[in-house]
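Chain by chain, the residues run as shown.
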Amino acid sequence: LCVIWYTTSALSSNTGKTILIQFRYPVSLTIIQFAFVAAYCLIFMSPLIQFSRLRYPTRSILMTTLPMGAFQVGGHMFSSMAISRIPVSTVHTIKALSPLFTVGAYAVLFGVKYSLKTYISLLPLIVGVMLAFTFDVSASSPTGLFCAFGSALVFVSQNIFFKKVMPSGSQTTSNKLDKLNLLFYSSSTAFVLMVPIWIFTDLPRLLSTQHDSHPHALSFTLVCHFVINGSVNFAQNIIAFVILSSTSPVTYSIASLIKRVWVICMAIVWFSQSIHPIQGFGIALTFVGLWMYNASKSDVEKGEKTMRRVEAMRNMVLPST
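Residues numbered from 1 in each chain as written. Predicted model: local features only at pLDDT ≥ 70, side-chain atom pairs only at ≥ 80, totals over all residues. Heavy atoms only, no water.

- With an unreviewed UniProt entry as reference, the protein is termed Sugar phosphate transporter domain-containing protein, source organism Pisolithus microcarpus 441.
- For the protein, the Subcellular location (unreviewed entry) comment in UniProt is given as "Membrane". (UniProt positions renumbered as here; feature names shortened; annotations may be inferred.)

Right, here's the structure in full:
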């Protein structure tokens, strides 16, 4: 699952960058991505395929998925704006700091205590990615860097919130949605929330701008890239949901960090970038950090269980064992 997730994520970022080089409208790209994801969810929940049944919208469902949609809007819009201004490798280098944000959020907001070994294990992972691609990081676009940091923070917040909403394993109650329904309603909500933003940002530019650089020659290519981008976007979303529902947020963030390495490596090949020796050292250091994290994984899971036990006590829930 991780290999498929990494590959679809790389294709999503690289095709998105290719689109934004020719079609510099990041908000439009984001809203089209949400439309594709919602459409694919409907297809897979249709009577012909029926991986799941579409649940009718209720107040509880809308209240659950509205925050998810807001997170998706913020995270994907920031990401698209960052990719349109700075290289894909730079964006994912900044996003590689997400495990640090996740551990910090759980420690500060929920009082989860991790051992020193856990914190030390995060350092080689983060430093390895930053060393591997430090020469790509450029402050030529402060807006792009700010958007990349904003995207990382929004997605960390989404992952923590999503862990509370997502059914774990086979535990799908009447109050919790299965993966396809949750993805459909969150993407649909995000699409609706994006409409006013798109109307005030990209729509006036699209109406006033005359595309004078081979518009007809690029139109079919752009359509193909949009279809590929929307398809792999759906794939990476549903696979990410499956992985996140079966792991802790910190473990998911570490998997995301390794995904950054994969995405940047594919970006180097995709855009024919030269490879520096520091990159090889950084990738090796990243895998050393992954091994160190695996050694402290039981410590991380213990912290997550402590957090869930405290929440259960606050909600007056009796222990199940």
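There's plenty left to go through after this.
**Brief notes about the packing of helix α3 (residues 59–85) against helix α8 (residues 179–200)**
Right, on to step 1. Packing of α3 against α8 brings their axes to within 7 Å, and their N-to-C directions diverge by 60°. Considered as vectors, α3 and α8 are oriented oblique to each other. Judged by the twist between their axes, the crossing of α3 over α8 is right-handed. Contacts between α3 and α8 pair I61, T65, L66, M68, G69, A70, Q72, V73 and M77 from the former with L182, Y185, S186, T189, A190, L193, M194 and I197 from the latter.
Right, on to step 2. For the contact of α3 with α8, the class distribution of residues is 12 nonpolar, 5 polar and no charged. (Axes fitted to C-alpha atoms, helices over the stretch in contact; angles between N-to-C directions. Helix = DSSP H or I, 4+ residues; strand = E, 2+ residues; numbered from the N terminus. Parallel < 35°, antiparallel > 145°, perpendicular 65-115°, else oblique. Left-handed = near helix turned anticlockwise from the far one by under 90°. Contact = heavy atoms within 4.5 Å. Nonpolar A, V, L, I, M, F, W, Y, C, P; charged D, E, K, R; others polar.)

**As for α3**
Since there are 3.6 residues in each turn of an α-helix, residues three or four apart along the chain are aligned in direction.
Right, on to step 1. Taking 1.5 Å of rise per residue, 27 residues should cover 39 Å, and α3 covers 39 Å from first to last C-alpha, within 8% of that figure.
Right, on to step 2. The largest bend in α3 amounts to roughly 25° and is located at T65, with the proline P67 lying one to four residues further along. (Expected span 1.5 Å × (residues − 1). Bend = angle between axes of the 7 residues up to and from the residue.)

**Topic: the nonpolar core**
What tends to happen in soluble globular proteins is that the nonpolar side chains get buried as a cluster.
Right, on to step 1. The biggest cluster of nonpolar side chains holds 39 residues, and the ones touching the most others in it are W5, C41, L183 and F234.
Right, on to step 2. Looking at this core, the elements with two or more residues in it are α1 (2–22), α2 (26–44), α5 (98–109), α6 (116–132), α7 (142–165), α8, α10 (215–245) and α11 (249–270).
Right, on to step 3. With 7 residues, the single largest contributor to this core is α10.
Right, on to step 4. Judged by nonpolar contacts, the second largest core, of 19 residues, contains L20, V91, L145 and A267. (Core = buried A, V, L, I, M, F, W, Y, C linked by side-chain atoms within 4.5 Å. Buried < 20%, exposed > 50% of the residue type's maximum accessible area, 1.4 Å probe, protein only.)

**Some words on the environment of A190**
Right, on to step 1. Along the polypeptide, A190 turns up in helix α8.
Right, on to step 2. Each C-alpha atom of the pair A190 and A35 lies 9.2 Å from the other, and the pair is 155 residues apart in sequence.

**Observations concerning the packing of aromatic side chains**
Aromatic ring pairs: the centre-centre distance and the angle between the two ring planes describe each pair.
Right, on to step 1. Applying the stated criterion across every chain, the model contains 9 aromatic pairs.
Right, on to step 2. Ring geometry for F44 against F234: centres 5.4 Å apart, planes inclined by 10°, an arrangement best described as stacked. With F44 in helix α2 and F234 in helix α10, the pair connects residues that are 190 residues apart, well separated along the chain.
Right, on to step 3. A relative accessible area of 24% places F44 in the partly exposed class.
Right, on to step 4. Relative accessible area serves as the criterion here: at 7%, F234 is assigned to the buried category.
Right, on to step 5. On the numbers, 5.1 Å between centres and 70° between planes, the contact of F184 with Y185 is edge-to-face. Accessibility assignment for this pair places F184 and Y185 in one class, buried.
Right, on to step 6. Members of the aromatic cluster, each reached through a chain of ring pairs, are Y40, F44, F51 and F234. (Phe/Tyr/Trp six-rings, centres within 6.5 Å; stacked < 30°, edge-to-face > 60°.)

**Description of a nonpolar patch on the surface**
Right, on to step 1. Judged by side-chain polarity, L123, V127, L131, I278 and F281 come together as a nonpolar surface patch covering roughly 420 Å² of accessible area.
Right, on to step 2. When residues of the nonpolar patch are traced back to their parent elements, those giving at least two are α6 and α12 (277–295).
Right, on to step 3. The biggest single contributor to the nonpolar patch is α6, with 3 residues.
Right, on to step 4. Within the fold, L123 resides in helix α6. (Patch = residues over 30% accessible without salt bridge, like charges linked within 9 Å, V, L, I, M, F, W, Y side chains within 5 Å. Areas by Shrake-Rupley, 256 points an atom, 1.4 Å probe, with all protein chains shown as cover. Salt bridge = Lys/Arg side-chain N within 4 Å of Asp/Glu carboxyl O.)

**Examining the pattern of salt bridges**
Two side chains carrying opposite charge are able to pair once their charged atoms lie near each other.
Right, on to step 1. Tallying each qualifying case throughout the model produces 1 salt bridge.
Right, on to step 2. A salt bridge links R205 to D202; the shortest N-O distance between them is 3.4 Å. Of the two residues, R205 and D202 both sit in helix α9 (residues 202–208), 3 residues apart, roughly one turn of that helix.

**Thoughts on the environment of Y185**
Right, on to step 1. Tracing the backbone shows Y185 in helix α8.
Right, on to step 2. Taking C-alpha positions, Y185 is 7.6 Å from A38, a pair spaced 147 residues apart along the chain.
Right, on to step 3. In contact with Y185, other than residues within four places in its own chain, are L54, R55, Y56, P57, I61, T65 and L177.

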